[in-house]
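Summary of structural features
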Amino acid sequence: MRRRRRIARPPPCLGAHMRIAKIFGTAAAVAALVGAGLAAPSSAAPATLAAPPQIPADAVQVHLQQFQSIGTANGGNRAHGRPGYRASADYVKGKLDAAGFTTTLQSFTHNGATGWNVIADWPQGDANQVVFLGAHLDSVAAGPGLNDNASGSAAVLETALTLARTKPTVQKRLRFGWWGAEELGLIGSKYYASRLPAAERTRIKTYLNFDMVGAKNTTTWGVYTDNAALRQQFDAHFRAKGIPTRGVNIAGRSDHASFAGIGVPVSGITSGNDPCYHQRCDTITNVTAGVVATGATAAADLAWNLAGAARR
Ligand code: DPN
Ligand code: ZN
């Protein structure tokens, strides 16, 4: 039976999907692929590419509030070597463990203090093709770092939890990372990258970074210019929502640089200007959950598409 054989084929080419999506919009692209018999299901039932989720503001607000409370309870910061950092790592890991992720707390030493990266793998999809989303979890010592970078931490966390809740089938492995001691020179992410065996490095096909994604005054989003194809995907996502973007070159100032340094294609996004950058006033009143949710929704859109997410 010709039709069944076609349905049993391997997953659609994402490049083709993105090209079609660019011209017709995502829904039309999905319909086109399904109509062409290219959206291959794992069962006999016709499958469609999973519509990427819309992440709600109230879901990220819960995480932001938690990071604020952790800062408040720990001397006003969540910095490397301070108890607020470990409490932040425990919160993130606890949520991921409960959701069914395979998590690792990777410890390292810097300035005589122990730091941790939290790594979470969704146990599905081809482990030889990893799509990685990350954010630094530490603040500076001056304040609790709600925009820099509880915002990115919350966006990546809620994206991961949404994956676990919605459980699309995925062709590639989705991995999430929360980095320690970024503020002291990308220490955690550099440690992670440097400890990867050479074979594992080449398995990481994409790294997307989320650093400062909650600024209140956000009207346009910054998209990292490191990789043209990834930048175009972020641009297309925002354009479809009528949100303007601008290219930004963060260079060596955040954790994507640790992955670019080992040859991984990288990108990321950042929100508008932060009047409380690295200051004590970078508290919960310095961020807007709706902005973080917009960033998280963009993260999920790229993650689902890059990993070939399909409905069960
Ligand atoms: N968030 C800044 C830091 O960790 O110090 C780096 C950064 C600057 C990220 C500008 C995005 C935009
Ligand atoms: Zn930052």
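For clarity, every value in this text was computed on a predicted model and none was experimentally measured. Think of each chain on its own: its residues are numbered from 1, step by step along the sequence as written. By the order in which they are written, chains take letters starting at A while ligands take numbers starting at 1. Only residues with pLDDT of at least 70 are given local features in this predicted model, and only at 80 or more are side-chain atom pairs given and counted; all residues enter the totals for whole chains, interfaces and linings. Hydrogen atoms and water are omitted, and side-chain values are computed over all heavy atoms in the structure.

1. Considering the pairing of strand β6 (residues 221-224)
This is how the line gets drawn: Exposure is judged per residue with a 1.4 Å probe applied to protein chains only, and the accessible area is read against the type maximum: over 50% gives exposed, under 20% gives buried, and values in between give partly exposed. Helix numbering and strand numbering both begin at the N terminus, where a helix is a DSSP run of H or I of at least 4 residues and a strand a DSSP run of E of at least 2. The criterion for strand pairing is that DSSP finds at least two bridges linking the strands in question. We call a crossover right-handed when, viewed with the strands running away from us, the connection from the first strand over the helix to the second turns clockwise.
Alternating positions in β6 separate into two faces, Trp221 and Val223 on one and Gly222 and Tyr224 on the other, with burial throughout. Pairing analysis gives four bridges linking β6 to strand β7 (residues 245-248), with the strands arranged parallel. Looking at the pairing, tyrosine 224 lines up with valine 248 of β7. In terms of handedness, the path from β6 via helix α9 (residues 228-240) over to β7 forms a crossover that is right-handed. In this structure, β6 lies alongside strand β8 (residues 266-270), joined through two bridges in antiparallel fashion. Opposite valine 223, over in β8, you have isoleucine 269 as the bridge partner.

2. Considering the state of the cysteines
Convention followed: By disulfide we mean two sulfur atoms from cysteines, separated by a distance within 2.5 Å.
Scanning the entire structure with this criterion turns up one disulfide. Disulfide pairing places cysteine 276 opposite cysteine 281 at an S-S distance of 2.1 Å. Across the S-S bond of cysteine 276 and cysteine 281 the torsion is about -115°, and the bridge reads as left-handed. Its relative accessible area of 10% is what places cysteine 276 among the buried residues. Overall, the relative accessible area of 32% leaves cysteine 281 in the partly exposed class.

3. Here's the deal with the site of ligand 1
Keep this limit in mind: Definition of nearness: a residue and a molecule or strand are near each other if at least one heavy atom of the residue lies within 4 Å of the molecule or strand. Think of a polar contact as two N or O atoms within 3.5 Å of one another; within protein, one of them needs to be a possible hydrogen donor and the other a possible acceptor, and neighboring residues in sequence only count if both atoms come from side chains. For accessible areas, the Shrake-Rupley method is used with a probe of radius 1.4 Å. Any residue's cover is judged against the shown protein chains and nothing else.
What surrounds ligand 1 is the set His136, Asp148, Glu182, Glu183, Asp211, Met212, Ile250, Arg253, Thr270, Tyr277 and His278. Contact between ligand 1 and aspartate 211: a nitrogen atom at 2.9 Å from a side-chain N or O atom of the residue. A distance of 2.8 Å separates an oxygen atom of ligand 1 from a polar atom in the side chain of tyrosine 277. Burial of ligand 1 by the protein amounts to 90% of the accessible area it has alone, namely 320 Å².

4. A closer look at the coordination of the zinc ion (ligand 2)
Spelled out, the test is: Metal sites are built from N, O and S donor atoms within 2.8 Å, or 3.2 Å for Na, K and Ca, and they leave out water, so they may look incomplete. Only four donors with every angle between 85 and 135 degrees are called tetrahedral; only four or six donors with opposite donors over 155 degrees apart and all others between 65 and 115 are called square planar or octahedral, in that order; all others are irregular.
Within the protein, the atoms that donate to the zinc ion (ligand 2) are His136 (NE2), Asp148 (OD), Asp211 (OD) and Asp211 (OD), at distances of 2.0 to 2.5 Å. Classification of the site at the zinc ion (ligand 2) as irregular follows from its six donor atoms and the range of 55 to 172° in their angles at the metal. In terms of primary sequence, the donors binding the zinc ion (ligand 2) are separated according to H-x11-D-x62-D. Here aspartate 148 lies in helix α6 (residues 146-166) and histidine 136 lies in strand β3 (residues 126-136), a separation of 12 residues in the sequence. With relative accessibility at 4%, the residue aspartate 148 sits in the buried group.

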